[in-house]
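The residues making up each chain are set out below.
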Amino acid sequence: IGFALTVLLGMARWINLLSNLPYWFILLPSWLSHLGLFWCHITSAKALSAFIAEANESRQRPDTNDHLERTEYLPLLQRSLKFGLKTGLISFAIFVFEILFYSRLAHGQLSMTSCFLPLWIIVFGGIIDGIICRTQHILRLLCWILTFVSMVCLCLRLDYNFDEIQWRIIVGPIVMVLSIASASLIYIVYGHQVGY
């Protein structure tokens, strides 16, 4: 809800519907969402810790029905930590980007390339992971590349005054990424409905 409100308020300012809206107020719902995500990470870490403590305790009792070995809980722990770390780092990087972007909008001293610094790290990491480690589907790698192309075009237009780069060239790759994400979501929902 917070991210959607930020986009809504930003669009309202951009089309001059609410032209006097301060930038900090536009980004405030997004910042509150990051705070909510941080609270969710803490809550999930506590729940995981309680689950593992309970599993260890129940295995040590002689009357237990839990015959699972400790090693069978290890993959669950590894996946949970990996997911938590990945989402936490992505959320933190986007939060830093939002602060840098606010500084650019409010004071006008930062370049767009500098604002994108945390996102460059995420996008480069995704591309390298997709090419070298090959742990991603080809569509996911394509999404990382399209995002990179859009970021480069935006930086060239805003920082280096490349007016030859039209806005549709900048927005086009993002629309393609959103289309791929929407198609994937529809496929997942449809697959869930038909039972596979």
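What counts and what doesn't
- Residues numbered from 1 in each chain as written.
- Predicted model: local features only at pLDDT ≥ 70, side-chain atom pairs only at ≥ 80, totals over all residues.
- Heavy atoms only, no water.
- Helix = DSSP H or I, 4+ residues; strand = E, 2+ residues; numbered from the N terminus.
- Buried < 20%, exposed > 50% of the residue type's maximum accessible area, 1.4 Å probe, protein only.
- pLDDT = per-residue confidence, 0-100.
- Expected span 1.5 Å × (residues − 1).
- Contact = heavy atoms within 4.5 Å.
- Phe/Tyr/Trp six-rings, centres within 6.5 Å; stacked < 30°, edge-to-face > 60°.
- Lys NZ or Arg CZ within 6 Å of the ring centre and 35° of its normal.

### Digging into unusual backbone geometry
Inference 1: Backbone geometry places N16, a non-glycine residue, at a positive phi of 65°.
Inference 2: Tracing the sequence through the fold places N16 in the loop between helix 1 (2-14) and helix 2 (23-60).
Inference 3: Its relative accessible area of 57% is what places N16 among the exposed residues.

### Structural notes on the confidence of the model for the protein chain
Inference 1: Predicted confidence across the protein chain gives a mean pLDDT of 85, with 90% of residues reaching 70 or more.
Inference 2: Across the protein chain, the secondary-structure element scoring lowest on mean pLDDT is helix 3 (residues 70-107), at 84, and the one scoring highest is helix 6 (residues 138-159), at 93.

### Regarding helix 6
Inference 1: Compared with an ideal rise of 1.5 Å per residue, which puts 22 residues at 32 Å, helix 6 spans 31 Å between its outermost C-alpha atoms and is within 8% of the ideal.
Inference 2: All buried positions along helix 6 are accounted for by L141, C143, L146, T147, S150, M151, C153, L154, C155 and R157.
Inference 3: Against the buried residues of helix 6 lie helix 4 (112-115), helix 5 (117-133) and helix 7 (167-194).
Inference 4: The first or second residue beyond helix 6 is N161, which carries a positive phi of 55°.

### Details of the packing of aromatic side chains
Inference 1: What the rule picks out here adds up to 8 aromatic pairs.
Inference 2: A centroid spacing of 5.9 Å and a plane angle of 70° characterise the contact between W120 and F148, whose relative ring orientation is edge-to-face. With W120 in helix 5 and F148 in helix 6, the pair connects residues that are 28 residues apart, well separated along the chain.
Inference 3: The class for W120 is buried, based on a relative accessible area of 13%.
Inference 4: Between F124 and F148 the ring centres are 5.4 Å apart and the planes differ by 50°, which places this aromatic pair in the tilted class. Here F124, found in helix 5, pairs with F148, found in helix 6; they are 24 residues apart in sequence, far enough to count as distant.
Inference 5: F124 sits in the partly exposed class, given a relative accessible area of 40%.
Inference 6: For F148, a relative accessible area of 26% corresponds to the partly exposed category.
Inference 7: Ring pairs connect the aromatic residues F97, F101, F116, W120, F124 and F148, which therefore count as one cluster.
Inference 8: The ring of Y23 is capped by R13, whose NZ or CZ atom sits 4.1 Å from the centre of that ring.

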